[in-house]
Amino acid sequence: MVDLTTLEGKDTPGKVASLCQKALRPSDNEQVPPVAAVCVYPSMVRHAKKQVGGTAVKVASVATAFPSGQAHLATRLAEVRGAVADGADEIDMVINRGAFLAGEFSRVQDEIAAVVQACGAAALKVILEVSELETYDSIRAASFLAMEVIRPGDFIKTSTGKTSLNATLGNNQVMIEAIRDFYLDTGVAIGMKPAGGIRTAKQALQFLIAVKETLGDEWLTQRRYRFGASSLLNDLLRQVEKERTGAYQAPYYFSEAAESY
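Residues numbered from 1 in each chain as written. Predicted model: local features only at pLDDT ≥ 70, side-chain atom pairs only at ≥ 80, totals over all residues. Heavy atoms only, no water.

Draft legend 1. Focus on the overall build of the protein. Each helix and strand counted, the protein has 10 helices and 7 strands in total. Taking 2.2 N^0.38 as the reference for a compact globule, 261 residues should give roughly 18 Å; the C-alpha atoms of the protein span a radius of gyration of 18 Å, in line with that estimate. Within the protein, the proportion of its 261 residues that are buried is 52%. Within the protein, counting contacts between residues at least 6 apart in sequence, those at least 24 apart form 73% of the total. Carbon and sulfur atoms provide 51% of the accessible area of the protein, an area that totals close to 11,500 Å². Taken together, the 28 basic and 30 acidic charged side chains of the protein have centroids lying 5 Å from each other. (Helix = DSSP H or I, 4+ residues; strand = E, 2+ residues; numbered from the N terminus. Rg over C-alpha atoms; globule rule 2.2 N^0.38 Å. Buried < 20%, exposed > 50% of the residue type's maximum accessible area, 1.4 Å probe, protein only. Contact = heavy atoms within 4.5 Å. Areas by Shrake-Rupley, 256 points an atom, 1.4 Å probe, with all protein chains shown as cover. Lys, Arg positive; Asp, Glu negative; His and termini not counted. Charge placed at Lys NZ, Arg CZ, Asp CG, Glu CD.)

Draft legend 2. Up close: the nonpolar core. If you look at the biggest cluster of nonpolar residues, it comprises 70 residues, and the most contacted ones within it are V38, L124, V126, L128, I156 and F227. Top element by residues in this core is helix α5 (residues 105-119). It accounts for 7 residues. Excluding anything up to four places from it in sequence, L124 contacts I91, M93, V115, V116, C119, I150, R151, D154 and F155. Counting residues in each nonpolar core, the second largest holds 7 residues, with C39, A60, V94 and I127 among its members. (Core = buried A, V, L, I, M, F, W, Y, C linked by side-chain atoms within 4.5 Å.)

Draft legend 3. Representation of helix α1 (residues 13-24) in the model. For α1, which comprises 12 residues, the first-to-last C-alpha distance of 16 Å matches the rise-based estimate of 16 Å (1.5 Å per residue) to within 8%. Every buried residue belonging to α1 is among V16, A17, L19, C20, K22 and A23, and all of these are buried. Check the buried side of α1 and you find it contacts β1 (3-5), β2 (37-40), α2 (45-52) and α10 (230-245). (Expected span 1.5 Å × (residues − 1).)

Draft legend 4. Representation of the packing of helix α7 (residues 136-147) against helix α8 (residues 169-186). The geometry of α7 relative to α8 is characterised by a closest axis approach of 9 Å and an angle of 40° between their N-to-C directions. When the axes of α7 and α8 are compared, the pair comes out oblique. Here α7 runs over α8; the crossing is right-handed. Touching Y136, I139, R140, S143, F144 and M147 of α7 are G170, N171, V174, M175, E177, A178, I179, D181 and F182, all from α8. Tallied by class, residues from the contact of α7 with α8 come to 9 nonpolar, 3 polar and 3 charged. (Axes fitted to C-alpha atoms, helices over the stretch in contact; angles between N-to-C directions. Parallel < 35°, antiparallel > 145°, perpendicular 65-115°, else oblique. Left-handed = near helix turned anticlockwise from the far one by under 90°. Nonpolar A, V, L, I, M, F, W, Y, C, P; charged D, E, K, R; others polar.)

Draft legend 5. Representation of the pattern of salt bridges. Scanning all chains against the criterion turns up 21 salt bridges. One salt bridge in this structure joins K125 and D3, with 3.6 Å as the shortest N-O distance. Of this pair, K125 sits in strand β5 (residues 123-127) while D3 sits in strand β1; the two residues are 122 residues apart in sequence, bridging distant segments of the chain. Of the two residues examined, K125 and D3, each falls in the buried class. Here D92 ties to K193 by a salt bridge, and the two come within 3.1 Å at their closest N and O atoms. With D92 in strand β4 (residues 90-94) and K193 in strand β7 (residues 191-193), the pair connects residues that are 101 residues apart, well separated along the chain. Across this residue pair, the class does not change: D92 and K193 are buried. Members of the salt-bridge network, linked through shared partners, are D3, E90, D92, K125, K157, K193 and R226. (Salt bridge = Lys/Arg side-chain N within 4 Å of Asp/Glu carboxyl O.)

Draft legend 6. Focus on the state of the cysteines. Summed over the entire model, instances satisfying the criterion amount to 0 disulfides. Lacking any disulfide linkage, C39 is separated from the closest cysteine sulfur, that of C20, by 11 Å. (Disulfide = S-S within 2.5 Å.)

Written out as structure tokens, the structure is:
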């Protein structure tokens with residue numbers, strides 16, 4: 001249920017290839033499954049696709065002028081189409097927070113709908129950037145704006161991981177309750193992705209408990225719930241080894257994951 005990510009200006013094809021190898025085989029323990037997806041910038045999609053194409057690991061790409069979203073709509077849509085053409089299975093878009101905070105809700109929704117069209121068959125994750133929306137009421141409203149125009153199997157997502165406040169149990173709860181209410185009203189199941197700040201298995205378990213109690217077991221799957229938390233992977237591997245051997249491994253025992261997001 002983890003999306004393994006590298007989103008740095010110094011990303012290279014070699015770094016992406018290394019990340020993809022870890023995504024496919026996180027551990028020497030063959031019982032450990034691959035991650036759900038690798039997430040990269042649009043220019044790196046084709047390099048990731050070479051490594052994981054034909055496997056269970058998806059290629060996700062951030063787009064729409066990530067992380068600010070401050071670009072002309074035509075530019076943002078061209079970025080989405082380019083990533084999909086290069087082989088992206090999933091697109092992580094950022095909403096226009098400036099338009100949302102200015103009360104231009106129809107504009108925000110129309111832009112999300114345009115990205116849905118640009119995605120084609122690729123799944124879409126709509127990043128709200130909760131720290132910039134500032135209140136739980138705004139987070140809930142933005143969740144519904146997105147869910148009304150995205151498709152079954154698409155996601156809403158907390159954060160880019162590039163601001164000071166990312167996923168918390170509080171904003172996660174607001175969003176999964178919105179997903180629950182939307183599902184009860186429409187029958188459309190939308191996925192959820194908390195991103196940034198979730199670094200340990202104990203933290204992740206708290207998020208999963210909230211999902212189970214609010215949405216039920218149907219959401220306890222990578223098709224409906226993802227963690228955007230690359231540093232979480234190594235702690236999960238440490239916990240697996242602790243259960244297998246009875247002893248914790250040192251953090252440096254595992255290769256470093258990319259910066260979490």
